[in-house]
Amino acid sequence: VGRGSAVSLSRQVQRTGGSSVVSKCSAAARGYIQDRFLRLLAGRRRRRAPLIHRGYYIRARAVDHCVQDFLLKTKSLPRTQILSLGAGFDSLYFRLKDMGLLHHTVVYEVDFPNVACQKATLIKEMKELSALVGDTGGEGLGATTFSGEDYKLLGVDLSELSVLEKILEEAGLNNEIPTLFIAEVVLTYMENTRSDALIHWAAAHFPQACFLLYEQVHPEDPFGHVMQQHFNQLNTALHSLAQYPDCEAQQRRFLGKGWTECSVMDMNEFFTRCIPEDEQQRVQTLEPFDEYEEWHLKCSHYFVLAASKGMEPSWSPLLPSLTVPRHAGPVGMAGSVPAAVCARLSGVPGLRRYGHHSVLIKANVILTTGGFGEEDGQHCRMRNFHVLSKHAGYWEAVCVTPNIPDKRWGGRLYHTVSCLSDTLSALVVGGRTSPSSAGLGMLWLKFPKTCNASGPDDVAVELVSLQPATEAALLRWRHSATEVTFKGEQFLFVYGGRSALEPVLGDWYFLHTPELTCTAIAVEGPVPESRHSHSACSWEGGVLIAGGLGAAEQPLGSVYLLRELEHGFQWQTIETCPPLVPRYSHTAHVHEGKLLLVGGVWFHASSVPGVTVIDLMTGLCLDYVINVEHLEWPLMLHNHSSIFLPDEKELLVIGGGGNCFSFGTHLNPEPVLLSLSSILISH
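Here the structure is a predicted model, which is why all the values come from computation and not from measurement.

On to the overall build of the protein chain, then. Within the protein chain, the regular secondary structure consists of 17 helices and 38 strands. Taking 2.2 N^0.38 as the reference for a compact globule, 683 residues should give roughly 26 Å; the C-alpha atoms of the protein chain span a radius of gyration of 28 Å, in line with that estimate. Referenced to the eigenvectors of the C-alpha coordinate spread, the extents of the protein chain come out at roughly 85 × 50 × 50 Å. Per-residue burial over the protein chain gives 59% buried out of 683 residues.

This is the structure in structure tokens:
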């Protein structure tokens, strides 16, 4: 790298560090982390979104978990040291000192010279900081910008290993005592040859050492593409990902560079296994939150690694004595399903949305409503409806503006739209504007009798009036609403979801159509766990419920059939073989005795959900990967809608995507057709 471009790169990397401390500071202000020093080091204050808060909470928690475990395991030793690589404006030293955890430990922090100088100036100016560290006047000696008895702040470029080694030695780093190295999203910005050399040097020169690494992983799936694109646009490419794309590769990297023990887990696993349940619940209730998909995807794309050598007793902070089972290995795929852009729908910006709902009004006519997406070049909640209709083998779309006051429709997300048998009308149930809102009331959508293959040019909207208690109970979102038959009459079965007060619901209601009276019908059998973001399909007069997100924000793998009996309904568990991989935010369809699950989010970071086919007679459950080689963009299959076209044996996928952590919003740019003919014939 030329000198000029190296300087420019170092500036870009420094900016990511500055942004990181501002995000941590915002998370601390909302109670996610207890850290009174961040506000002194952050400089500027800015409130971040709840998703960002959770992301920085899990990062801080993982680092603290490992650091405090190191200090606990070595507290009987006379001397230890911590070397934080690329420390930026991190507050780790001040927190540990304030907690009384540094009786015999010296903390060394290394970063670019100008970052170290800025931090040193801040420490000197802030009495709260300087009083803790106690300035011993050692700064100004070579690369040392600040020196205290148990704290040394050094300005040096990490990629210059020989210079780094010399400066650390001059500052008093002792390679004969147990040393913890910390690299929190640092090494990935370096060329792999240089970061590998640093990992190897640490193992070769320190007989008793531990290494804590927190970094990104999984560059090749859709979220990984968006993540990489973000860092490339910032001119801070993530170099590690190509050579070390998954947790196993990172583990092999350390074991091959002189470390004798190494454990690693992604942040979904860390949150589930290493954070006590009461703390999980505390964090989940700090703010109104409804971005589960992006939270779990973010967590599956970051990992924490703990490597050690020569430590007695051995250091393994990521092998807790919790009884929570590890997530199983990779999901076996039975084959693939080809994906292709749906011709003629590619130029319709209103179909770039997520959290919406699509429904087949009649043969070859689809109505898409609500969600968050792109309208007139702006990202916003979607007010307009889109009607898709098929002419001479091609799909076309028209935009319909509903004649309805804004507050009634509200540009809702995560609602349901149910077309009722033998009517030209559909019922909209629930949905929300913001996660703190109470949810929205029900609406009838009435289509004109002339609604033919050209699609309705107008949709009449009528507000539904219900008993107040029923209306309040149905203010929910991420639920399902499915038509069922009981004693020859039609009912709408509204199940699960969440509300502003309840993070997950397990109740249900039978609405007799068309007058929508709430009817008590007996239901027996094992009651399913409460859930939202599940799928529900009508089948043989009953309902098939699959997957969803449960009470502890954990994906569910159960499948239930609500079956009609003479005097009511009965819940039945459908056993699948192999067991269905737990997932949520998928869509589902039934075709000739087979349940088709499309996309969603699961915790198996080695792959993303494609199409799963469950034979409802035998329970056989097969997963198929979606072949996206003909798509020029990442296909995110969560928060999407899909319509099954039985004659063509195709699935039309509309929209999908979400707010990808701090990497920007991804909206699938075009509807996609998935061809299922090969798997439905052979299955």
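Domains assigned within the protein chain are domain 1 (1-309) and domain 2 (333-675). Taking the mean C-alpha position of each, domain 1 and domain 2 sit 41 Å from one another. The interface of domain 1 with domain 2 comprises 31 residues on the first partner and 34 residues on the second. Roughly 2,700 Å² of surface becomes buried between domain 1 and domain 2 when both sides are summed, with 62% attributable to carbon and sulfur atoms. Its largest share of buried area at the contact with domain 2, domain 1 owes to D290, Y292 and E293, together 24% of the area lost on that side. Across the contact surface, domain 1 and domain 2 share five salt bridges. Taking the shortest distance from any N to any O, the salt bridge between E553 and R54 comes out at 2.8 Å. Listed by contribution, the elements that provide at least two residues to the side of domain 1 that touches domain 2 are helix 3 (50-73), helix 9 (222-233), helix 12 (267-274) and helix 14 (292-300). With eight residues, the single largest contributor to the side of domain 1 that touches domain 2 is helix 14. Residues of the side of domain 1 that touches domain 2, tallied by class, amount to 14 nonpolar, nine polar and eight charged.

In spatial order, the strands read 11-12-15-16; together these four strands make up an open sheet with antiparallel pairing. Pairing within the sheet leaves two strands with one partner each, and these edge strands are strand 11 (357-362) and strand 16 (394-400). Across the sheet, the mean angle from the axis of one strand to that of its neighbour is 25°, orientation sign disregarded. Pairing analysis gives four bridges linking strand 12 (residues 365-369) to strand 15 (residues 385-391), with the strands arranged antiparallel. In the sheet register, I366 faces strand 15, and the bridge partner there is L388.

Quick look at the packing of helix 3 against helix 14 now. Contact geometry for helix 3 and helix 14: axes closest at 10 Å, N-to-C directions at 30°. As summarised for this structure, helix 3 and helix 14 are arranged roughly parallel, according to the angle between their axes. Viewed along their axes, helix 3 and helix 14 form a crossing whose handedness is right-handed. Two secondary-structure elements touch here, helix 3 through L51, R54, G55 and I58 and helix 14 through E294, W295, K298 and C299. Here the residues of the contact of helix 3 with helix 14 are counted per class, giving four nonpolar, one polar and three charged.

Turning next to the pairing of strand 3 (residues 144-147). Strand direction decides the pairing type here: strand 3 and strand 4 (residues 151-155), joined by three bridges, are antiparallel. Residue pairing in the sheet places F146 in a bridge with L153 of strand 4. The turn linking strand 3 back onto strand 4 is made up of three residues.

Turning our attention to the environment of I366. Along the polypeptide, I366 turns up in strand 12. Beyond its immediate chain neighbours, meaning those up to four positions away, I366 contacts S358, V359, L360, I361, H386, V387, L388, W395, I643, L652 and I654.

Side-chain pairing between opposite charges can occur once the charged atoms of the two side chains come close. In total, this model carries 29 salt bridges according to the counting rule given. Its salt-bridge partner being E287, residue R47 comes within 3.4 Å of it at the nearest N-O pair. Of the two residues, R47 sits in the loop between helix 2 (38-42) and helix 3 while E287 sits in the loop between helix 13 (277-284) and helix 14, which places them 240 residues apart along the sequence. Among the ionic pairs, R253 bridges to D196, the shortest N-O distance being 2.8 Å. With R253 in helix 11 (residues 247-255) and D196 in helix 8 (residues 192-205), the pair connects residues that are 57 residues apart, well separated along the chain. Taken individually, R253 and D196 each receive the classification buried, so the pair is uniform in this respect. Beyond isolated ion pairs, a larger network of salt bridges with shared partners links D290, E293, R432, R478 and R498.

Basis of the calculations
Residues numbered from 1 in each chain as written. Predicted model: local features only at pLDDT ≥ 70, side-chain atom pairs only at ≥ 80, totals over all residues. Heavy atoms only, no water. Helix = DSSP H or I, 4+ residues; strand = E, 2+ residues; numbered from the N terminus. Rg over C-alpha atoms; globule rule 2.2 N^0.38 Å. Buried < 20%, exposed > 50% of the residue type's maximum accessible area, 1.4 Å probe, protein only. Domains from an automatic or database assignment. Contact = heavy atoms within 4.5 Å. Buried area = accessible area lost by both parts, 1.4 Å probe. Salt bridge = Lys/Arg side-chain N within 4 Å of Asp/Glu carboxyl O. Nonpolar A, V, L, I, M, F, W, Y, C, P; charged D, E, K, R; others polar. Pairing = 2+ DSSP bridges. Axes fitted to C-alpha atoms, helices over the stretch in contact; angles between N-to-C directions. Parallel < 35°, antiparallel > 145°, perpendicular 65-115°, else oblique. Left-handed = near helix turned anticlockwise from the far one by under 90°.

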